[in-house]
Amino acid sequence: MTTSNPFFEPSDLPYGLPPFARIRNDHFLPAFTRGMADQRDEVAAITAGAEPATFENTVEALERSGAVLDRVRRVFFNKVAADTDDEIQALEVEITPRLAAHDDLLLLDPALFDRLDALWEQRGTLGLDEEQLRLLERHHTHRVRAGARLAPEQQRRLRELNAEIAALCTEFGQNLRVDTAAAALVLDRAEELAGLPADQIAAAAENARALGHPGRFALALKNFSCQTELAALEDPALRERLLAASLGRGVDSNGPIAVSLAGLRAERAALLGYPSHAAWEVADRTAGTTAAVEELFGRLVAPAVANAEREGAALAEAAGVAEIGAADWQYYSERVRKERFDLDAAALRPYLELDTVLHDGVFHAAGLVYGITFTRRPDLVSYHPDAHIYEVHDADGSPLGLYIGDFHARESKRGGAWMDSLVAQSKLLGQRPVVVNNLNIAKPPAGEPVLLSWREVNTLFHEFGHALHGLFSDVRYPLLSGTRVPRDFVEFPSQVNEMWADWPEVLAHYARHHVTGEPMPAELPARLREAENFGAGFRMVEHQAAAVLDWAWHTLADGEVPDADAAEDFEAAALERYGLALAAIPPRYRTGYFAHIFNFGYAAGYYGYRWAEVLDADTVRWFRENGRTIRESGEIFRRELLGRGGSVDPLAAFRAVVGRDADIGPLLDRHGLTG
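The sections below set out a description of the structure shown in this document.

Parameters at a glance
- Residues numbered from 1 in each chain as written.
- Predicted model: local features only at pLDDT ≥ 70, side-chain atom pairs only at ≥ 80, totals over all residues.
- Heavy atoms only, no water.
- Helix = DSSP H or I, 4+ residues; strand = E, 2+ residues; numbered from the N terminus.
- Rg over C-alpha atoms; globule rule 2.2 N^0.38 Å.
- Buried < 20%, exposed > 50% of the residue type's maximum accessible area, 1.4 Å probe, protein only.
- Contact = heavy atoms within 4.5 Å.
- Areas by Shrake-Rupley, 256 points an atom, 1.4 Å probe, with all protein chains shown as cover.
- Lys, Arg positive; Asp, Glu negative; His and termini not counted.
- Charge placed at Lys NZ, Arg CZ, Asp CG, Glu CD.
- 1 Å grid on protein atoms, 1.4 Å probe; cavity = no way out; pocket = protein on both sides within 12 Å on 5 of 7 lines; lining within 4 Å.
- Points joined across faces, edges and corners; volume = space filled by probe spheres on them.
- Axes fitted to C-alpha atoms, helices over the stretch in contact; angles between N-to-C directions.
- Parallel < 35°, antiparallel > 145°, perpendicular 65-115°, else oblique.
- Left-handed = near helix turned anticlockwise from the far one by under 90°.
- Nonpolar A, V, L, I, M, F, W, Y, C, P; charged D, E, K, R; others polar.
- Expected span 1.5 Å × (residues − 1).
- Pairing = 2+ DSSP bridges.
- Core = buried A, V, L, I, M, F, W, Y, C linked by side-chain atoms within 4.5 Å.
- Salt bridge = Lys/Arg side-chain N within 4 Å of Asp/Glu carboxyl O.

## Focus on the overall build of the protein
Assigned secondary structure in the protein consists of 26 helices and seven strands. For the protein, whose C-alpha radius of gyration is 25 Å, the value lies close to the compact-globule estimate of 26 Å for 675 residues. In terms of overall dimensions, the protein has C-alpha extents of about 80 × 60 × 55 Å along its principal axes. Here the protein holds 675 residues, and 58% of them are scored as buried. Taking the contacts inside the protein whose residues are at least 6 apart along the sequence as the reference set, 75% of them involve residues at least 24 apart. Taken as a whole, the protein presents about 26,600 Å² of accessible surface, with 51% of it coming from carbon and sulfur. Within the protein, the 101 negative side-chain charges are centred at a point lying 3 Å from the centre of the 68 positive side-chain charges.

See the structure below:
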């Protein structure tokens, strides 16, 4: 096993694609063990050198280190998210604290920091180019922020905190997977699902079969609060059950973990010299200060609530009740949209078949804007049969990278939608990118079409925007590659890519009836855009409620954290404090299933979606109004921003595209919040 471990040598497959056909679960632990040992030895060799520190023998040598660990780490955590099993979950529990300790070893190594610190002090005399200077700054800043200047006793406590946080984040994620699966609603009769389109009922039957309930129907929960089926289900009692199941996930299992994580993060922030975890996080993001984030909340919350209250009044009138309930909001929203805009969301689905949306929509838009092309590679083996591999070529025909699309929900996959990188682009290492998109679209019975909702179409375009950020990376150093940018900037390119979903030329190319091939009726897109505006208040409020909930947990000072059983009370008080305690609009994520902040890397960063949307909305206006062709604009956006990764200041990259600082006006207009 030692000599045949596929992680021990670089892959000989195209683009360094991991050799999934050869990878077994028992390869992971030996590869992690060797990978960490190799990198420790490589760093020891850097610091043991008799020669004074240079950029090449210290910074570039550090960038070259850890090849085995990087290969196994990327594949393993992709498997954790997209195709896990009991063995993998047990290994995740074991390996996560070890990885945290290993990362601390590299970040807190005093001899390595001394060399980097010396180079940083001499940076003006080293003759470094822009990217080299950025790389040196990032390595130096990461270590200062990680505690490299703390006293040894403080560093000892810091390592303990990091290990505890890593272990609890893993436990939170594993609990959530179990709780979400257990909360699926299993029904006996198709009639109970009255209102759902036939293809969704068929998917519910297939889901029940996959879960071991043949002949029944299962509604599996998505990772957010308001389940999409609430818009169609006719039975109000079933709507109540579905929403209650969604909102109740993780209360008992993950509430205490969230409290513990908030406390540990607050203690760590204090140790590092910051008043809160949020203050520590935003200091290295484009927001810069907690005051800047609070100002954004102040600009958005009150008008969003006012907008949502107007929507709620219209829904209550349509329902013939004094006040609309949370379980009924989406249902009556669809009724109002149909009445006001003559638009039935279910009627859109036959025109939005997955493969057509992907090939004739997402890929077609990428060709129009950037000139790239995609070719299916069935000869290459992926990590799961549902994950399909495409080779990507540039406009001149030169090879660019690989794209993997894995779009179906399954029991072994966590909820949500995301992009990941299996191979990071780097000129130093001679690597081209291999990126993967994951969605969670219900899989219908074999042979049946996969029809999407409009929300799912937008999600596909969004996640593909992240993929483009990885595919277009054109940097020398791995640390600066692709999406290695601040958390409150990373969502910007993906949100920009959503614009192409309803761009007339793109929409006309993919929105065709899956049976007849007829194009979507010409009047539907305009009505769709009008109908989308009704509901902007709800969407903004649910998102802002989640953002302030994240913010409240992570602006706590050390010692201010509530008792372990008080997570729900804390959540309620936080929403009340920010003016977002609307019974009819729950946060997009509640504490018990807020995986972004308690399992992934978005702690004190969920505000970043709106922060980045300021840039996004302004960039969409630039695309529409700059007087250039789409292709010319795409080249500028790619060259000045997408291709630069983290090699430049992100806001400088934005200014290089648009020509000025961002204006919040287009965002306010987009959500009907002007004035």
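## Details of the environment of Ala208
Counting through the fold element by element, Ala208 comes out in helix α8 (residues 198–210). Along the backbone, Ala208 and Leu219 are 11 residues apart, and their C-alpha atoms lie at a distance of 8.1 Å. With residues up to four places along the chain from it excluded, the contact list for Ala208 reads His213, Pro214, Arg216, Phe217 and Ala218.

## Focus on empty space enclosed by the protein
Inspection of the entire model under this criterion finds three cavities of 30 Å³ or more. The space that makes up the largest cavity amounts to roughly 60 Å³. If you trace the largest cavity, you find it lined by Leu247, Arg249, Val251, Gly255, Ala567, Glu568, Glu571, Arg590, Thr591, Gly592 and Tyr593. Put simply, the parts of the chain that give the lining of the largest cavity at least two residues each are α10 (251–271) and α21 (567–577).

## Some thoughts on the packing of helix α3 (residues 67–82) against helix α4 (residues 86–108)
α4 packs onto α3 with a crossing angle of 140° between their chain directions and a minimal axis gap of 12 Å. The pairing of α3 with α4 is recorded here as oblique in orientation. When the axes of α3 and α4 are compared, the crossing they make is left-handed. Taken together, the residues of α4 that come into contact with α3 (itself represented by Leu69, Arg73, Phe76, Phe77, Lys79 and Val80) are Ile88, Leu91, Glu92, Ile95, Thr96, Leu99, His102 and Asp103. Across the contact of α3 with α4, the residue classes tally to eight nonpolar, two polar and four charged.

## Brief notes about helix α12 (residues 290–319)
Turn by turn, an α-helix covers 3.6 residues, leaving residues three or four places apart pointing in a common direction. When the terminal C-alpha atoms of α12 are compared, their 41 Å separation across 30 residues agrees well with the 44 Å that a helix rising 1.5 Å per residue should span. Of the residues trailing α12, Gly320 is marked for its positive phi of about 70°.

## Some points on the sheet that holds strand β4 (residues 387–393)
Strand pairing within a sheet occurs via backbone hydrogen bonds; the two strands may be parallel or antiparallel. The sheet built from five strands is open, its strands ordered β3-β4-β5-β7-β6 with mixed pairing. The open sheet has two edge strands with one neighbour each: β3 (373–376) and β6 (418–423). Pairwise comparison of adjacent strand axes, ignoring direction, gives a mean angle of 30° for this sheet. Here four bridges tie β3 to β4, and the two strands are oriented antiparallel to one another. Each residue of the ladder has a partner; that of Thr375, found in β4, is Glu391. Relative to β6, α3 is tilted by about 150°, and along the sheet it contacts β5 (399–408), β6 and β7 (434–441).

## Some details on helix α24 (residues 630–640)
Taken residue by residue, α24 has Ser633, Gly634, Ile636, Phe637 and Arg638 as its buried positions. Turning to α24, the residues buried within the fold contact α15 (354–370), β5, α17 (487–497), α23 (608–625) and α25 (650–658).

## Things to note about the side chain of Arg588
Inspection of the secondary structure puts Arg588 in the loop between α21 and α22 (595–598). Taking the relative accessible area as the measure of exposure, Arg588 reaches 17% and is therefore buried. Among residues more than four places away in sequence, those in contact with Arg588 are Phe224, Ser225, Arg455, Glu542, His543, Ala546, Tyr593 and Tyr606.

## Looking at the pairing of β6
Put simply, side chains in a regular strand alternate between the two faces of the sheet. Most of β6 sits out of view: five of its six residues are buried. Taken together, the five bridges between β6 and β7 define a ladder with antiparallel strand orientation. Paired with Ser421 across the bridge in β7 is Val435.

## Side note on the nonpolar core
Leu193, Tyr403, Phe461 and Tyr510 are the most contacted members of the largest nonpolar core, which totals 163 residues. Not counting residues within four places of it along the chain, the set of residues in contact with Tyr510 comprises Tyr351, Leu352, Thr356, Val357, Asp360, Gly361, Trp454, Val457, Phe461 and Ala501. Grouped together as the second largest cluster of nonpolar side chains are 33 residues, Phe7, Phe28, Phe32 and Ala82 included.

## Brief notes about the layout of surface pockets
Its boundaries defined by the atoms lining it, the second largest pocket holds a volume of some 380 Å³. Taken together, 15 residues make up the lining of the second largest pocket; nearest its centre are Trp611, Val614, Leu615, Leu651 and Ala662. Broken down by secondary-structure element, the contributors of at least two residues to the lining of the second largest pocket are α12, α23 and α25. At four residues, α12 tops the list of elements feeding residues into the lining of the second largest pocket.

## Quick look at the pattern of salt bridges
What the rule picks out here adds up to 49 salt bridges. When the shortest N-O distance is used, the salt bridge between Arg73 and Asp103 registers 2.7 Å. Linking Arg73 in helix α3 with Asp103 in helix α4, this pair joins segments that are 30 residues apart in sequence. A salt bridge links Arg527 to Asp342, with the shortest nitrogen-to-oxygen separation between them at 4.0 Å. Of this pair, Arg527 sits in helix α19 (residues 523–533) while Asp342 sits in the loop between α13 (326–341) and α14 (345–348), and the two are 185 residues apart along the sequence. According to the relative accessible area criterion, Arg527 is buried, its value standing at 17%. Given the relative accessible area of 54%, Asp342 is considered exposed. Here the salt bridges do not stand alone but share partners, grouping Glu153, Arg156, Arg157, Glu160, Glu164 and Glu267 into one network.

## A short note on the environment of Gln200
With respect to the helices and strands, the residue Gln200 is situated in helix α8. Note on Gln200: relative accessible area 21%, which makes it partly exposed. Here the alpha-carbon distance between Gln200 and Leu452, two residues 252 residues apart in the chain, equals 9.7 Å.

## Regarding the environment of Asp103
Under the relative-accessibility criterion, Asp103 is labelled partly exposed at 26%. Sequence separation of Asp103 and Arg577 is 474 residues, and the distance between their C-alpha atoms is 37 Å.

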